[in-house]
Amino acid sequence: MRRGLLATLLLLHGLSHANVGVWAFSDGPTWLVAVLWAAAMLGYFAAAFGLLGVRSLRIRWKQLLTVATLASIALLVMFGHGIALLGIYIDLIIVVVVL
């Protein structure tokens, strides 16, 4: 049950990056924003599915979570606006809670 709740948290957090990516496209180079945005969103999704036990992701879900968090923080630091600091805190809290 706990794994399911944590995986749901990761999926919702990954979905929240859709908004951040849209904002970042107006401020930065498209190629860089796309790479960071994809790494963050897909990394959180993959970590969630790995936490749920998907065979090919189960072994590496912690590494995927780490990469997603680093990409998210980089995206927020480089292209974030007023709520970027809040997003960074949320990223770090999620990593600590899930790991």
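Residues numbered from 1 in each chain as written. Predicted model: local features only at pLDDT ≥ 70, side-chain atom pairs only at ≥ 80, totals over all residues. Heavy atoms only, no water.

Let's shift gears to the overall build of the protein. Broken down by element type, the protein carries five helices and zero strands. Ordered by position in the sequence, the α and β elements of the protein form the string α-α-α-α-α. On C-alpha atoms alone, the protein measures out to a radius of gyration of 13 Å, which is about the 13 Å that the 2.2 N^0.38 rule sets for 99 residues. Dimensions along the principal axes, computed over C-alpha positions, put the protein at roughly 40 × 25 × 15 Å. Considering only contacts in the protein between residues 6 or more positions apart, those separated by 24 or more positions represent 68%. Accessible area of the protein: about 5,800 Å², with a carbon and sulfur share of 74%. (Helix = DSSP H or I, 4+ residues; strand = E, 2+ residues; numbered from the N terminus. Rg over C-alpha atoms; globule rule 2.2 N^0.38 Å. Contact = heavy atoms within 4.5 Å. Areas by Shrake-Rupley, 256 points an atom, 1.4 Å probe, with all protein chains shown as cover.)

Now for the layout of surface pockets. In this structure, the largest pocket occupies an estimated 200 Å³ of space. If you go around the largest pocket, you meet 14 residues; those closest to its centre are Ser-16, Val-20, Ile-83, Gly-87 and Ile-90. When residues of the lining of the largest pocket are traced back to their parent elements, those giving at least two are helix H1 (2–25), helix H4 (61–79) and helix H5 (84–98). Looking at the lining of the largest pocket, the element that brings in the most residues is H1, giving six residues. (1 Å grid on protein atoms, 1.4 Å probe; cavity = no way out; pocket = protein on both sides within 12 Å on 5 of 7 lines; lining within 4 Å. Points joined across faces, edges and corners; volume = space filled by probe spheres on them.)

Structurally, His-13 can be placed in helix H1. A residue is classified by how much of its surface remains accessible, and His-13, at 8% relative accessible area, is buried. Sequence-distant contacts of His-13, that is, excluding residues within four places in its chain, are made with Tyr-44, Ile-90, Asp-91 and Ile-94. (Buried < 20%, exposed > 50% of the residue type's maximum accessible area, 1.4 Å probe, protein only.)

One finds Ala-24, Val-33, Leu-36, Leu-75, Leu-76 and Phe-79 to be the most contacted residues of the largest nonpolar core, which totals 16 residues. Counting only elements with at least two residues in this core, the list comes to H1, helix H2 (30–51), H4 and H5. When residues in this core are grouped by element, the largest group, seven residues, is from H2. In this structure, Leu-75 is in contact with Val-20, Ala-24, Val-33, Leu-36, Trp-37 and Gly-80, ignoring residues within four places of it in sequence. Of all hydrophobic cores here, the second largest spans 13 residues; its members include Leu-6, Trp-61, Ala-68 and Val-95. (Core = buried A, V, L, I, M, F, W, Y, C linked by side-chain atoms within 4.5 Å.)

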